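Structural features, examined
The residues making up each chain are set out below.
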Amino acid sequence: MHLPALPVLLPFFAAILILYPWFNKRLHLQRLVAQFALLMLVAVSMLTLFKTLAEGPIGYAMGDWEAPFGIYLLADPLAAFMLVVTSVLALCTHLFACGGEDKTGRFFHPLFMFQLMGLNGAFLTADAFNLFVFFEILLIASYSLLIHGGGRERTRAAQHYVLYNLIGSAFFLIALALLYRAFGTLNIPDMASRAPTLPEESIPFAQAGGLLLMVVFGVKAALLPLHFWLPRTYSTTSVPVAALFAVMTKVGVYSLWRIHSVVFGHDSGELSDLGVVPLAWLSGLTVVAGAIGALASQTLRWLIANLIVISVGTLLMTVAMGTTQSVAAGLYYTLHSTLMSGAFFLVAGLILMQRGQAEDRFVRSRPLLYPVFTGVLFAVTAMAMIGLPPFSGFLGKVFILQAAVDSGDAIWVWPLVLISGLAALIALSRAGTTLFWRTQGSVVPEAKEKLSNVHLVASGLLVATTLVLVIGGGPLTEWSLRAAQDLHAGVTLNYLNGGQP
């Protein structure tokens, strides 16, 4: 069964094909190849999700070198969920870029594909070192995508992003060295099986490596105080890149679920619940910082970036709670926040192209070319991000609040979730009022040239996913709970050890 390798190989071969000179000189062919690969990726991701839910984990040993010695890819429901949300987000953001944003540089499409290769590999790998490798692939592609199109402000913001992640990568290697010294392996399920019986002399190395790894994933997820790079970086890069990057912070959260919930979980002996208390404090403070940043935002993209910080803090609270219900709630909320954050950036792109020099700043400007269509997309996305019923954000937050009650963490989780929702309501109400009602003069003439049907379709499709998450809320919450149960029950571990999934 080669299915787990396809989400990595599809974007890789698409990127190589696009780089071939005959394709690289023809933009329309690049678009066709990339869109075909993305459609295939959505289909493969959906198939992987349904097969893992029906049959259990699907493993793939590269070169038939079995775990823990070889490079092992493992698709389970948790990984499959992340593949689906990434492929859907990528399809819509790439379609938006085909409206003209991809013309500002020759290598947008292959970089986009390499970025997806790194993301999908990070979700599928069962080895901590290979997680580092895929992190580096996606980061190298992201460095170039960030400055795609050039500009002083964009380059300056990218410098901070690159610096933070290079430091994080150095710490990642140090953490892996400590963990290998402690466990004698970097295969994640194998580490989990050895954690409860780890020799006394290896405990300090495991604790140091685990805590350092938590710092690394905190950098990737934008955990306070390591989040300052995010608003500036996301608000200055191009719109489709910022929309795709909505999933980047979720890689850090996913890695905490995959490693810390398993290797340093409740049944890991002296390593149990490593770093949970500081993570709980920092996740709550991240929510507060994001809420303050949202209220202080002066542009729509900066506001969206701070809403992403709030969502990251909320997700990390589910990691700190450490129960099956909290992971399930966090997984559903990940689907919602990733897709809606990406959709909001695309809506911001529509507004940018219609307001001329005012762009997305909260100042009085000319009316929009398509005020009704853009306004509906803005309103739906805003209500979903706030968490108002009946949209997906409401279901996700209710799921998290219920998990907090079951875990005994309601006393600190409830106020943070509700107050951050109020802050988002105030900030987005002010933004919508300014962008759509405080207008003067006539429509910007250039708007008709900049906007295309491709932009409108891509934005509408991604915004509509909130309705899919609501209509399919019942099955999705059940599948999320199944993925969390498999993670905590060690189904993946049993599978690799030769047991039945």
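First things first, this report covers the structure right here in the doc. (Residues numbered from 1 in each chain as written. Predicted model: local features only at pLDDT ≥ 70, side-chain atom pairs only at ≥ 80, totals over all residues. Heavy atoms only, no water.)

For the rest of this paragraph, the subject is the packing of aromatic side chains. Scanning the model with the defined rule gives 14 aromatic pairs in all. With a centroid separation of 6.0 Å and an interplanar angle of 40 degrees, the aromatic rings of Phe-129 and Phe-132 are classed as tilted. Taken as a pair, Phe-129 and Phe-132 lie in helix H6 (residues 128-146) at a separation of three residues, close to a single helical turn. The exposure class of Phe-129 is partly exposed, given its relative accessible area of 39%. A relative accessible area of 11% means that Phe-132 is categorised as buried. Look at Phe-135 and Phe-172: their rings are 5.6 Å apart centre to centre, the planes differ by 90 degrees, and that puts the pair in the edge-to-face class. Here Phe-135, found in helix H6, pairs with Phe-172, found in helix H7 (residues 152-183); they are 37 residues apart in sequence, far enough to count as distant. Each of the two residues, Phe-135 as well as Phe-172, counts as buried. Three or more aromatic residues link up through ring pairs in this structure, and these residues are Phe-129, Phe-132, Phe-135, Phe-172 and Phe-217. (Phe/Tyr/Trp six-rings, centres within 6.5 Å; stacked < 30°, edge-to-face > 60°. Helix = DSSP H or I, 4+ residues; strand = E, 2+ residues; numbered from the N terminus. Buried < 20%, exposed > 50% of the residue type's maximum accessible area, 1.4 Å probe, protein only.)

Now for helix H13 (residues 276-296). A rise of 1.5 Å per residue sets the reference length of H13, with its 21 residues, at 30 Å; its end C-alpha atoms lie 30 Å apart and thus fit the reference within 8%. Among all positions in H13, only Leu-279, Ala-280, Ser-283, Gly-284, Thr-286, Val-287, Gly-290, Ala-291, Gly-293 and Ala-294 are buried. Turning to H13, the residues buried within the fold contact helix H9 (203-221), helix H14 (300-321) and helix H18 (410-437). (Expected span 1.5 Å × (residues − 1). Contact = heavy atoms within 4.5 Å.)

Contact pair helix H4 (residues 77-97) / helix H12 (residues 248-260): the axes reach a minimum separation of 12 Å and the direction vectors enclose 175 degrees. In this view, H4 runs roughly antiparallel relative to H12, as classed from their interaxial angle. Residue-level contacts link Leu-78, Ala-79 and Met-82 of H4 to Lys-250, Tyr-254, Trp-257 and Arg-258 of H12. (Axes fitted to C-alpha atoms, helices over the stretch in contact; angles between N-to-C directions. Parallel < 35°, antiparallel > 145°, perpendicular 65-115°, else oblique.)

Remark: H14 packs on H18, axes separated minimally by 11 Å, with the N-to-C direction vectors making an angle of 165 degrees. With respect to their mutual orientation, H14 and H18 come out roughly antiparallel. Classified by chirality, the crossing of H18 by H14 is left-handed. Contact with H14, carried on its side by Leu-300, Leu-303, Leu-307, Ile-310, Met-317 and Met-321, involves Trp-412, Val-413, Leu-416, Val-417, Ser-420, Ala-424, Ala-427, Leu-428, Ala-431 and Leu-435 of H18 and no other residues of that element. Taken together, the residues of the contact of H14 with H18 break down into 15 nonpolar, one polar and no charged. (Left-handed = near helix turned anticlockwise from the far one by under 90°. Nonpolar A, V, L, I, M, F, W, Y, C, P; charged D, E, K, R; others polar.)

Here we come to the pairing of strand E1 (residues 58-61). On E1, burial covers both faces: Ile-58 and Tyr-60 on one face and Gly-59 and Ala-61 on the other are all buried. Summarising the sheet, E1 and strand E2 (residues 72-75) pair through four bridges and their orientation is antiparallel. Looking at E2, one finds that Ala-61 is bridged to Tyr-72. (Pairing = 2+ DSSP bridges.)

Keep in mind these numbers describe shape, not what the thing actually does.
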